Amino acid sequence: MEHTGLGGKSIILRLEMNTKEIKFGQVASAIFEAGGDMVAIDVIQSSGDITVRDITITVTDSAHISTVTETVQSLKGVRLVNISDRTFLMHLGGKIETQPKVPIQNRDDLSRVYTPDVARVCAAIQEDPKKAYTLTIKRNTVAVISDGSAVLGLGNIGPYAAMPVMEGKSMLFKQLAGVDSFPICLDTQDTEEIIATIKAIAPAFGGINLEDIASPRCFEIEQRLRDELDVPVFHDDQHGTAVVLYAALINALKVVGKSIDQVKVVVCGIGAAGVACSKILLSAGVGEIIGVDRAGALTRDETYEHPMWQWYAEHTNPNRVQGPLSEVIRGADVFIGLSAGGLLQREDVLSMAEQPIVFAMANPTPEIQPEAVEDIAGVIATGRSDYPNQINNVLCFPGIFRAALDCRATVINEEMKLAAAEAIASAVPADELNASYIIPSVFNQNVVKAIRERVVKAAVVTGVARRVPRE
Ligand SMILES: NC(=O)c1ccc[n+]([C@@H]2O[C@H](COP(=O)([O-])OP(=O)(O)OC[C@H]3O[C@@H](n4cnc5c(N)ncnc54)[C@H](O)[C@@H]3O)[C@@H](O)[C@H]2O)c1
Ligand SMILES: O=C(O)C[C@H](O)C(=O)O
Ligand SMILES: [Mg+2]
């Protein structure tokens, strides 16, 4: 199936029709009247009065899919058996598989890769555990682990529903940086159980990428695992996002001609990503950061049960501003959305300072659609791949883990994160930088290379590298 233009897509409806009750021509007219363009018909089964057909239809967008399917479902004598589109078809049977590196073609091969000869390799690792890095998948393999509690902006959708995202992250690790990984979704949301489980499975991995674990539990889980494991543990939604956000801000400020120490920044959504982004901006020298969550601006005049919010309130909002987003945002130079779709209004952006920078990063629906403010914003970015300026942690996690694995880093520290942000920002050449090109494309082959080089250096300089890679 092909995409047929901007926003256009094809869907396949499998329809079971009772020919005594309805003729195919009536179904075709109904689809046509609902605006669907029928491009192919395949007969799947035809027996007696029952006929099953796959109808390929071009639709304009997701809302149009509902219009067409509702029309079809309302027809007497028609049963909608299944609906698939290109996205669902790409997910059939999952998106990744295990691939042996050497074929087992005879008994000799069998006895080498498996028993009895494999025992000599096991004994070598038992004698010197460091050999796990040379003789197992550990040196190139990361675990992508979620508890399904804060998946994209979809919230607590559980471990089964989280798998497609984690499989997607695994594909990206491999395709962009050659890193092997396993998507692992845990059927527990208990902090201690999550920590114990990850510690127990850690021997196979050279790094742990935590993904889509809700705050505040994500903070403790990450900290404890960092303290208790000797491989890097990186909560992607916190640090991956912060790295890419900082890279994007460095370049966006150049476009609007403002300097980082003079801007007022409003961060909406003080969860995993919002906290980490605010922290990186504080260390980059932003003077005024105001965090807003459901109950309005976080201020030191309040006390918060959530220790991270207490910390946040004490380290941000120097003017103790109070109130909802629509008030706090007045006069701000930068809006950073890490909350949920549709929270920012055009009037809010109109009330910001001149040349406002709007980073609406909630996935999959941004805090404001770029079309709504493109005429009034200085720079706009989202987390999505279908608009210019995609600020998404995919620009960071493949490269930063490539570097961490190659130098066998014990941790991914602040210096390595800042090095990654600078590498990403510098991948946009100065003479090409403009409001629609502040951040390199995910497919820019220089990004992973640039991150690897700078991050390995930072790891070596800060003494957390256990080896210096040759190239
Ligand atoms: N573009 C990216 O690379 C990227 C990376 C990470 C997260 N995200 C997006 O950011 C969002 C948050 O992710 P997270 O991992 O930090 O989740 P999280 O659950 O840890 O935090 C979300 C925060 O947003 C707040 N929030 C929700 N609705 C709100 C509202 N109406 N007003 C104010 N605050 C509200 C919640 O209270 C919570 O504190 C998600 O949409 C996610 O997809 C994007
Ligand atoms: O998965 C993404 O696209 C980015 C990020 O990790 C998110 O949770 O939204
Ligand atoms: Mg995520």
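Keep in mind the model is a prediction, meaning the values are calculated, not measured.

In this section: the packing of aromatic side chains. One pass over the full model with this rule turns up five aromatic pairs. A centroid spacing of 5.6 Å and a plane angle of 75° characterise the contact between phenylalanine 173 and phenylalanine 401, whose relative ring orientation is edge-to-face. Separated by 228 residues along the polypeptide, phenylalanine 173 in helix H7 (residues 158-177) and phenylalanine 401 in helix H15 (residues 397-406) bring together distant segments of the chain. There is no split in this pair, since phenylalanine 173 and phenylalanine 401 are both buried. By way of ring pairs, the aromatic residues Phe173, Phe234, Phe397 and Phe401 are connected into one cluster. In this structure, lysine 138 is placed above the aromatic ring of tyrosine 133, and the distance from its NZ or CZ to the ring centre is 5.4 Å.

Moving on to a nonpolar patch on the surface. On the surface, Val102, Ile104, Leu110, Val113 and Tyr114 cluster together into a nonpolar patch covering about 460 Å² of accessible area. The residue leucine 110 is located in helix H4 (residues 107-113) in this model. In this structure leucine 110 comes out as partly exposed when scored by relative accessible area, which is 34%.

Let's shift gears to the environment of valine 328. Inspection of the secondary structure assignment puts valine 328 in helix H13 (residues 325-328). C-alpha of valine 328 to C-alpha of valine 292: the two residues are 36 residues apart in sequence and 8.2 Å apart in space.

What follows concerns the UniProt feature "domain: Malic enzyme NAD-binding" (unreviewed entry) in the protein. Following the UniProt record, one finds the feature "domain: Malic enzyme NAD-binding" (unreviewed entry) at residues 238-460. Taken end to end, residues 238-460 is 39% helix and 11% strand, and its first and last C-alpha atoms sit 23 Å apart.

Definitions and limits used
Residues numbered from 1 in each chain as written. Chains lettered and ligands numbered in written order. Predicted model: local features only at pLDDT ≥ 70, side-chain atom pairs only at ≥ 80, totals over all residues. Heavy atoms only, no water. Phe/Tyr/Trp six-rings, centres within 6.5 Å; stacked < 30°, edge-to-face > 60°. Helix = DSSP H or I, 4+ residues; strand = E, 2+ residues; numbered from the N terminus. Buried < 20%, exposed > 50% of the residue type's maximum accessible area, 1.4 Å probe, protein only. Lys NZ or Arg CZ within 6 Å of the ring centre and 35° of its normal. Patch = residues over 30% accessible without salt bridge, like charges linked within 9 Å, V, L, I, M, F, W, Y side chains within 5 Å. Areas by Shrake-Rupley, 256 points an atom, 1.4 Å probe, with all protein chains shown as cover. Salt bridge = Lys/Arg side-chain N within 4 Å of Asp/Glu carboxyl O. UniProt positions renumbered as here; feature names shortened; annotations may be inferred.

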